[in-house]
Every structure is written in structure tokens, then in C-alpha cells.
Amino acid sequence: MDYTEQRVALRSPLLIRQVRIEVAPEVFFGYATNISSKGIYIQTINPKPTGFQVRLRFNLPGDKETIECSAEVVWSRDYDSKTCRKPGMGLRF
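Below you will find a few notes about this structure. All values reported here derive from a predicted model rather than from experimental measurement.

1. Quick word on the overall build of the protein
Along its length, the protein carries zero helices and six strands. Seen in sequence order, the protein has helices and strands lined up from the N terminus as β-β-β-β-β-β. Among the 93 residues that make up the protein, the fraction classed as buried is 35%. The long-range share in the protein, meaning contacts at least 24 apart out of those at least 6 apart in sequence, stands at 45%. Of the roughly 6,300 Å² that the protein leaves accessible, carbon and sulfur atoms contribute 51%.

2. Observations regarding the pattern of salt bridges
Under the definition given, this model contains five salt bridges. As a salt-bridge pair, glutamate 72 and arginine 92 come within 3.3 Å of each other at their nearest N and O atoms. Here glutamate 72 is found in strand 5 (residues 66-77), whereas its partner arginine 92 is found in strand 6 (residues 88-92), with 20 residues between them in sequence. Judged by relative accessible area, which is 44%, arginine 92 ranks as partly exposed.

3. Regarding the pairing of strand 6
In terms of residue burial, strand 6 counts as a mostly covered element, since four of its five residues are buried. When strand 3 (residues 39-43) meets strand 6, the two strands line up antiparallel, connected through five bridges. When the sheet's bridge partners are listed, glutamine 43 is paired in strand 6 with glycine 88. Note that strand 5 and strand 6 share five bridges and pair antiparallel. Across the sheet, the residue bridging to tryptophan 75 is glycine 90, located in strand 6.

Conventions used here
Residues numbered from 1 in each chain as written. Predicted model: local features only at pLDDT ≥ 70, side-chain atom pairs only at ≥ 80, totals over all residues. Heavy atoms only, no water. Helix = DSSP H or I, 4+ residues; strand = E, 2+ residues; numbered from the N terminus. Buried < 20%, exposed > 50% of the residue type's maximum accessible area, 1.4 Å probe, protein only. Contact = heavy atoms within 4.5 Å. Areas by Shrake-Rupley, 256 points an atom, 1.4 Å probe, with all protein chains shown as cover. Salt bridge = Lys/Arg side-chain N within 4 Å of Asp/Glu carboxyl O. Pairing = 2+ DSSP bridges.

Given below as C-alpha cells:
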């Protein structure tokens, strides 16, 4: 898979320890390590394929308000024991 840099929005590094991801009827969890105004990276052992529509629910660090939004998987990476890259997916809001 080609991971050519295509971002147009500045990313902010942060750690969101629990992101609830809903892909009806499935619910699973991951955590985010960066976010921008256009999307979010979710590290998870259960990444969904490109094109999947998901519903997210999370809290930003230090914020009591829960954010709920829809997103689309724009890239996905499964676990690979030969590389140091962790499994996850890039989502566009």
C-alpha cells in the first residue's frame, strides 16, 4: 500500500486513550495518537478496510464533552510482524 503524504490539514499529536468505533452491528475500541480538523488516526488491532463508514465517540484530553461524529476509512494497515508499524486506520471526518 502506498502511504504517500496527502494531508492538507495540520495534525496535532495527542493521546485519546479510548475511542469507541461503531460499524453496525459491531462496536470496538482503539486509541488515537493524532487528530486534525479533517481526520484522525486510530490505532487498533481491528482496522476496517478503505471506504468503510464508521461512527466515533471520544473525549479530547481534559475535556468533559463527548465528541460523536461520522467518519470514513481512507487508509488501513493490518498488523505486520516484519515492520515496526502498528495496525490502525486513517479516518476522514
